[in-house]
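Read off the chains here:
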Amino acid sequence: MVAILAGLLYYIGTTVPSTFPRYSEPTIIRGVDYIYTTILTIKIEYLLLAFLMYFGINILFAVRLRRVLAKNGVKTSFGKTLLAQYAGMLTSDVTPGRSGYILTPVYLKDQDVPTSKSLSSVLGIQTFEFLIKVTGGIGAVILLVTTVPAKTWSHIFPTQIAGVNIGLIIAILGVSLMMVGAVILAAFTWSKRAISIFDRIANWRFLKRFTGGIMGKLEDYKESSNSTSKAIPEILILTVACWILKGFEWWFLGYALGISQLTGTWWLAFFLIHPLVTALAFIPITPAGIGVQEFGIVGILGLLGVAAPIAGVFALLARGLLIFEDLAGVPQIVRSTSLIFTRNKSDEKIEPNRGFSPPPATPV
């Protein structure tokens, strides 16, 4: 992660636009100075609007999770569910492939939500999240291929593999990765055959000791998955609404940095490139794809005519905005962790007496 970020900073630091009047020759020091100057010119009002859009996204995420749990017959508190949502997002911000979001059921335990129901709800939601990202990503690739000149592709991504531009390969790879994830989640959530295959694998003699009691919950999980499928229309509507809000978040973030060239046809770009670029966050090389996603943002915005230093600041702000707001989940993480340790200590106290039967009382 450190190496990738260092490479990113070096790249954007040595790429000073010719329109920048202060320097005639780009150097790493002057490039960093340009980045610093860009940060100082941020329009705070647009940055706050971007922050508000992300807050709205988390509100809808919490509503979506509550609605799906309600289909499973589970009532939850909006405030506690919102904190659990933030906790899940914060965990995903620091785990490879954003896999930490799968711990959201743990953060719902203080509301006594059964794990089988919360897990099926989270996986069901993520299935459609991935599918919609795939749709947006394909739209972004089509937009870029049909509107960006070939020489611009060659300038931003000079390398080719088998005659195909490396930038286009990376874009297709990101979309394909999301598609694979969506198919796997959909199969595990709704396919009885897929669950049966997982059942056989998990009960394999060499793996059974590691699966513990997870298979005992499998039947409950199947039942919960069927209930989750009833919430598909609500999941789709709320997920599309979140996608639109994310587009506005990036749009306002662009205006905060003075990226005004993305007008007209390019206005649609903000709504299409974010599902394409955020797909790179699921590449399990670094925590939440840190560095990889930022390189993707710099590359794609470069295709649209945005200078590398400005695109780099955009990428770093987009990441920082998420992490800063997701810190609201820290109290929930602490609370859930304390709850887990408390239960484990209680189990340890009970453990020595398990299986012990006192001798029958002797008549006096």
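Residues numbered from 1 in each chain as written. Predicted model: local features only at pLDDT ≥ 70, side-chain atom pairs only at ≥ 80, totals over all residues. Heavy atoms only, no water.

Peer 1: Looking at this structure, I do not really get the overall build of the protein chain. What am I missing?
Peer 2: Helix and strand counts for the protein chain stand at 16 helices and two strands. Residue pairs in contact within the protein chain that sit at least 24 positions apart in sequence constitute 73% of those at least 6 positions apart. (Helix = DSSP H or I, 4+ residues; strand = E, 2+ residues; numbered from the N terminus. Contact = heavy atoms within 4.5 Å.)

Peer 1: Would you mind showing me how to read helix 14 (residues 292-303) here?
Peer 2: The first and last C-alpha atoms of helix 14 sit 17 Å apart over twelve residues, in line with the 16 Å expected at 1.5 Å per residue. The buried count for helix 14 comes to eleven of twelve residues, which makes it a mostly enclosed element. Those residues of helix 14 lying buried are Val292, Gln293, Glu294, Gly296, Ile297, Val298, Gly299, Ile300, Leu301, Gly302 and Leu303. (Expected span 1.5 Å × (residues − 1). Buried < 20%, exposed > 50% of the residue type's maximum accessible area, 1.4 Å probe, protein only.)

Peer 1: I tried to follow the layout of surface pockets on my own but got confused; where do I start?
Peer 2: Leftover empty space is mapped by rolling, across the atoms, a probe with the size of a water molecule. Taken as a whole, the largest pocket holds about 850 Å³ of empty space. What lines the largest pocket is a set of 37 residues, among which Arg98, Gln126, Phe130, Lys133 and Phe282 lie closest to the centre. Elements that contribute at least two residues to the lining of the largest pocket include exactly helix 3 (44-71), helix 4 (78-93), helix 6 (115-147), helix 8 (166-190), helix 12 (232-256), helix 13 (269-278) and helix 15 (308-326). Top contributing element to the lining of the largest pocket by residue count: helix 6, with seven residues. Looking at the lining of the largest pocket residue by residue, the class counts come to 21 nonpolar, ten polar and six charged. (1 Å grid on protein atoms, 1.4 Å probe; cavity = no way out; pocket = protein on both sides within 12 Å on 5 of 7 lines; lining within 4 Å. Points joined across faces, edges and corners; volume = space filled by probe spheres on them. Nonpolar A, V, L, I, M, F, W, Y, C, P; charged D, E, K, R; others polar.)

Peer 1: Looking at this structure, how should I read the packing of helix 3 against helix 4?
Peer 2: Angle between the axes and distance between the axes are the two parameters that describe a pair of packed helices. Running from amino to carboxyl end, helix 3 crosses helix 4 at an angle of 115°, the nearest separation of the two axes being 9 Å. By the criterion of interaxial angle, the relationship of helix 3 to helix 4 is roughly perpendicular. For the crossing formed where helix 3 meets helix 4, the hand is right-handed. In contact with Tyr54, Phe55, Asn58, Ile59, Phe61, Ala62, Val63, Leu65 and Arg66 of helix 3, helix 4 contributes Phe78, Thr81, Leu82, Gln85, Tyr86 and Met89. Class assignment of the residues belonging to the contact of helix 3 with helix 4 gives a composition of eleven nonpolar, three polar and one charged. (Axes fitted to C-alpha atoms, helices over the stretch in contact; angles between N-to-C directions. Parallel < 35°, antiparallel > 145°, perpendicular 65-115°, else oblique. Left-handed = near helix turned anticlockwise from the far one by under 90°.)

Peer 1: Teacher, can you tell me more about the environment of leucine 60 here?
Peer 2: Here leucine 60 is to be found in helix 3. For the pair leucine 60 and threonine 239, spaced 179 residues apart in sequence, the C-alpha to C-alpha distance is 8.2 Å. Dropping the residues within four chain positions of it, leucine 60 is found in contact with Leu238, Ala241, Cys242 and Leu245.

Peer 1: Got a minute to help me understand helix 15 in this structure?
Peer 2: Think of an α-helix as turning once every 3.6 residues; residues three or four places apart then point the same way. The end-to-end C-alpha separation of helix 15 is 27 Å, in line with the 27 Å expected for 19 residues at 1.5 Å each. Within helix 15, 14 of the 19 residues are buried, which leaves it mostly tucked inside the rest of the structure.

Peer 1: Mind showing me how you'd approach a nonpolar patch on the surface here?
Peer 2: Taken together, the side chains of Phe324, Leu327, Val330 and Val334 define a hydrophobic patch exposed on the protein surface, amounting to about 370 Å² of accessible area. With respect to the element layout, valine 334 can be found in helix 16 (residues 330-350). Residue classification places valine 334 among the partly exposed positions, given a relative accessible area of 47%. (Patch = residues over 30% accessible without salt bridge, like charges linked within 9 Å, V, L, I, M, F, W, Y side chains within 5 Å. Areas by Shrake-Rupley, 256 points an atom, 1.4 Å probe, with all protein chains shown as cover. Salt bridge = Lys/Arg side-chain N within 4 Å of Asp/Glu carboxyl O.)

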